[in-house]
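Secondary and tertiary structure notes
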Amino acid sequence: MSLRIRLTHETAEGTAAGIYGIIVSSAVLVTAHAETAYKLDIIVLVTLIIYWLAERYARIVAERIHEGHRPRWNSVRQQLTTGWEIMSASLVPLLVLLLARAAGAGMNLAILCALITSTLLLCLAGWRMGARLTPAERVVSTLVAGAFGGVMIFLKILLH
């Protein structure tokens, strides 16, 4: 699957979920302590599943609160079949983590490679989001999106 597919989502919600997933997975990469790359990947994926479940649950509960009735099965089914981009957008950095370790990189360097990949994906998302902006605004959009990844890299270097 190409990088373009990973960053192209059919809805604004899917795009937002993908960006959010990359940021959350980067935060877990910075803070989790795992002995191996595959254990760290599992920690990230489980964390993303929990975030996805919490978001879906919150949407279903909010619907009940604000609409004053139980959500219809159609609505529940829609909530449980959307938002997966929170995980799928993070697969490329997690794969980079595994590949870097397999190539002989130490754990900290492999995590750094994954964080750099996440930052590049965020920059690409920012660039694509700015498609209808002026060139200067598009650069700002790219830099703001990439800044989330840059902060994660800074934290990784600072904390370890």
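Just above sits the structure.
First, a word on what this report is: a plain description of the structure on this page. (Residues numbered from 1 in each chain as written. Predicted model: local features only at pLDDT ≥ 70, side-chain atom pairs only at ≥ 80, totals over all residues. Heavy atoms only, no water.)

1. A few points about the overall build of the chain
Threshold: Helical segments are the DSSP runs of H or I of at least four residues, strand segments are the runs of E of at least two, and each set is numbered from the N terminus. Burial here depends on accessible area, computed with a 1.4 Å probe over protein chains only, as a share of the maximum for the residue type. Under 20% is buried, over 50% is exposed, and the range in between is partly exposed. Only heavy atoms enter the contact rule, under which two residues are in contact if any of them lie within 4.5 Å. The Shrake-Rupley method, run with a 1.4 Å probe, gives the accessible areas here. Residue values count only the displayed protein chains as cover.
Of regular secondary structure, the chain possesses eight helices and zero strands. Buried residues in the chain amount to 40% of all 160 residues. Summarising the internal contacts of the chain: among those between residues at least 6 apart in sequence, 68% fall at separations of at least 24. Surface summary for the chain: the accessible area is close to 9,400 Å², and the carbon and sulfur share equals 68%.

2. Observations regarding the side chain of Asp41
So the rule is basically this: His residues and chain termini do not enter the charge count, which takes Lys and Arg as positive and Asp and Glu as negative. Here a salt bridge means any side-chain nitrogen of Lys or Arg lying within 4 Å of a carboxyl oxygen belonging to Asp or Glu.
Its place among the elements puts Asp41 in helix H3 (residues 37-67). Arg101 provides the closest opposite charge to the buried, unpaired Asp41, separated from it by 10 Å. With sequence-adjacent residues up to four places away left out, Asp41 is seen in contact with Leu94, Leu97 and Leu98.

3. Observations regarding H3
Counted only if it meets this: How far a helix is expected to stretch is found by multiplying one less than its residue total by 1.5 Å.
With 31 residues, H3 ought to run about 45 Å at 1.5 Å a step, and its terminal C-alpha atoms sit 45 Å apart, in line with that. Tucked inside the fold, the buried residues of H3 contact helix H2 (12-31), helix H4 (73-80), helix H5 (85-88), helix H6 (91-102) and helix H7 (107-129). Gly68 sits one or two residues past H3 and shows a positive phi near 75°.

4. Section: the state of the cysteines
Selection criterion: Any two cysteine sulfur atoms lying within 2.5 Å of each other are counted as a disulfide.
With the rule as written, the count across this model stands at zero disulfides. You can see Cys113 has no disulfide; the closest cysteine sulfur is in Cys123, sitting 16 Å from it. Assessed through its relative accessible area of 24%, Cys123 is described here as partly exposed.

5. Overview of the pattern of salt bridges
Tallying each qualifying case throughout the model produces five salt bridges. Ionic pairing is found between Glu55 and Arg56, a salt bridge with its closest N-O pair at 3.3 Å. Assessed through its relative accessible area of 1%, Arg56 is described here as buried. For Arg59, the salt bridge goes to Glu55, with nearest N and O atoms at 3.2 Å. Taken together, the residues Arg59 and Glu55, both in helix H3 and four residues apart, mark about one turn of the helix. Look at Glu55 and you get partly exposed, because its relative accessible area is 24%. Bridged by salt links that share partners, the residues Glu13, Glu55, Arg56 and Arg59 form one connected network.

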